[in-house]
Amino acid sequence: MKIRMGFITNSSSTNFLIISKKELTEDYLFKKLGFIKGGALEEQGRQLCNSIMNAIEGGLRYYSYEMPDYESIKKVFGNKSANIYENNKNKYVYWGYTGSDEDPITQFFTTDSFEIKDKDFYLNGRSCVW
């Protein structure tokens, strides 16, 4: 029998897709995720928004797609998201991934699976990799 001494990780990640009427900024994302300036969770909300904004530059985890298009979105996020993309080609599209090794609020975002659909904002966080 072998015994491992040291740090063992069981990290997870979530690929996310954002389709937005406005160009994505940390403040705009903060508002769209339902956080309130001066609210009890403002600090955590800012941390999450910062993590998401930084993650946009990193692409998707476990996929080698360069840019979002109909076929890549369909493969990673499903038909519904691909159709939303197709019907909103004039909007801004972003994707990236967060990991469970980050701050607590980003860990929650990473380990939960959810979707936000508003008239001018869509977020698919259902592509979780454990």
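Our structure is the block above this text.
Residues numbered from 1 in each chain as written. Predicted model: local features only at pLDDT ≥ 70, side-chain atom pairs only at ≥ 80, totals over all residues. Heavy atoms only, no water.

Enquirer: Run through the overall build of the protein, naming residues and quoting values.
Expert: When helices and strands are counted, the protein shows 5 helices and 4 strands. Reading the helices (α) and strands (β) of the protein from amino to carboxyl end gives β-α-α-α-α-β-α-β-β. Oriented by its inertia axes, the alpha-carbon framework of the protein measures out at about 60 × 40 × 20 Å. The buried share among the 130 residues of the protein stands at 41%. (Helix = DSSP H or I, 4+ residues; strand = E, 2+ residues; numbered from the N terminus. Buried < 20%, exposed > 50% of the residue type's maximum accessible area, 1.4 Å probe, protein only.)

Enquirer: Give me the environment of F114: which residues, what numbers.
Expert: The residue F114 is located in strand 3 (residues 114-118) in this model. It is 14 Å that separates the C-alpha atoms of F114 and Y97, two residues lying 17 residues apart in sequence. Setting aside anything within four residues of it in sequence, one finds F114 in contact with F109, L123, N124, G125 and R126. (Contact = heavy atoms within 4.5 Å.)

Enquirer: Help me get a handle on helix 5 (residues 104-111), residues and values and all.
Expert: Within helix 5, the full set of buried residues consists of I105, T106, F109 and T110. Buried residues of helix 5, viewed axially, fall in a sector of 140°; they line one side. Turned more than 90 degrees away from the buried face of helix 5, the exposed residues are P104 and F108. (Arc of directions from axis to C-beta.)

Enquirer: Got a sec to walk through the pattern of salt bridges? Specific residues and values, please.
Expert: When the charged atoms of two side chains lie near each other, side chains of opposite charge can form a pair. This structure, assessed with the given rule, holds 7 salt bridges. Of the charged contacts, one joins E115 and R126 as a salt bridge, the two residues approaching to 3.4 Å between their closest N and O atoms. Within this pair, whereas E115 is found in strand 3, its partner R126 is found in strand 4 (residues 121-129), the two being separated by 11 residues in sequence. (Salt bridge = Lys/Arg side-chain N within 4 Å of Asp/Glu carboxyl O.)

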